[in-house]
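Survey of secondary and tertiary structure
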Amino acid sequence: QVQLVESGGGVVQTGGSLRLSCAASGRTFSQYAMGWFRQAPGKEREFVAGITGGGSTNYADSLKGRFTISRDNAKNTVYLQMNSLKPEDTAAYYCHTVTSTGSAYWGQGTQVTVSS
C-alpha cells in the first residue's frame, strides 16, 4: 500500500511560480517511478512530468522549459517546480506511481489556479 499526499497548490498570478510536493509512504520509494498529471475542468487528465527511481526525467512537450520534476529519496518526496505560469496551467495536479507489482496509486490532488 502506497499513500501519496500532494501539497503546495494555490492561487498565483500569470508569470508566477509554484512548487508542488508529493510525500509518499513506503520504504521502497526510491525504486518507484513517480509522475505528475493534471486535470482541468471539463478536460481529461493529462501527463505533466515523470521521474524514474534513478532520476531520469521526461515531460509533456508543451511544458518543457517551464516545469521541472525532481525527487528527494531521503524524504520520500517528489517535487514539481512550475515557472512562468499561465492561466491554461490552471488545474488539479495529481501525483502518481505504479509499484513493481503493477498497482497504481494516485494522490488526492492539489489545486493550482493561475489568474490573468
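Cut-offs and rules
Residues numbered from 1 in each chain as written. Predicted model: local features only at pLDDT ≥ 70, side-chain atom pairs only at ≥ 80, totals over all residues. Heavy atoms only, no water. Helix = DSSP H or I, 4+ residues; strand = E, 2+ residues; numbered from the N terminus. Rg over C-alpha atoms; globule rule 2.2 N^0.38 Å. Buried < 20%, exposed > 50% of the residue type's maximum accessible area, 1.4 Å probe, protein only. Contact = heavy atoms within 4.5 Å. Lys, Arg positive; Asp, Glu negative; His and termini not counted. Charge placed at Lys NZ, Arg CZ, Asp CG, Glu CD. Pairing = 2+ DSSP bridges. Axes fitted to C-alpha atoms, helices over the stretch in contact; angles between N-to-C directions. Salt bridge = Lys/Arg side-chain N within 4 Å of Asp/Glu carboxyl O.

If you tally the helices and strands in the chain, you get 0 helices and 11 strands. The C-alpha atoms of the chain give a radius of gyration of 13 Å, which matches the 13 Å a tight globule of 116 residues would have. A total of 116 residues make up the chain; the buried ones form 44% of that total. Here the contacts in the chain between residues at least 6 apart in sequence split such that 53% fall between residues at least 24 apart. On the chain, the mean spot of the 10 positive side-chain charges and the mean spot of the 7 negative ones are 6 Å from each other.

The subject of this paragraph is the sheet that holds strand β8 (residues 77-82). If you trace the 4 strands from one edge of the open sheet to the other, you get β1-β3-β8-β7, paired in antiparallel fashion. A single partner strand is all that each edge strand has here, and the edge strands are β1 (4-7) and β7 (67-72). Put simply, the sheet's adjacent strands are angled 15° from each other on average, direction ignored. Taken together, the 6 bridges between strand β3 (residues 18-24) and β8 define a ladder with antiparallel strand orientation. Bridge pairing in β8 links Arg19 to Gln81.

The next thing to look at is the environment of Gln31. Note that Gln31 resides in the loop between β3 and β4 (34-39). Put simply, Gln31 and Gly54 are 23 residues apart on the chain and 7.9 Å apart in space, counted from C-alpha to C-alpha.

All right, on to the pattern of salt bridges then. Under the counting rule described, the total for this entry stands at 4 salt bridges. For Arg38, the salt bridge goes to Asp89, with nearest N and O atoms at 2.9 Å. Taken together, the positions of Arg38 in strand β4 and Asp89 in the loop between β8 and β9 (91-98) put the pair 51 residues apart, joining distant regions of the chain. A residue is classified by how much of its surface remains accessible, and Arg38, at 7% relative accessible area, is buried. Classification of Asp89 as buried rests on a relative accessible area of 0%. Arg66 is the salt-bridge partner of Asp89, the closest N and O atoms lying 2.8 Å from each other. One end of the pair, Asp89, is in the loop between β8 and β9; the other, Arg66, is in the loop between β6 (57-59) and β7, and 23 residues separate them in sequence.

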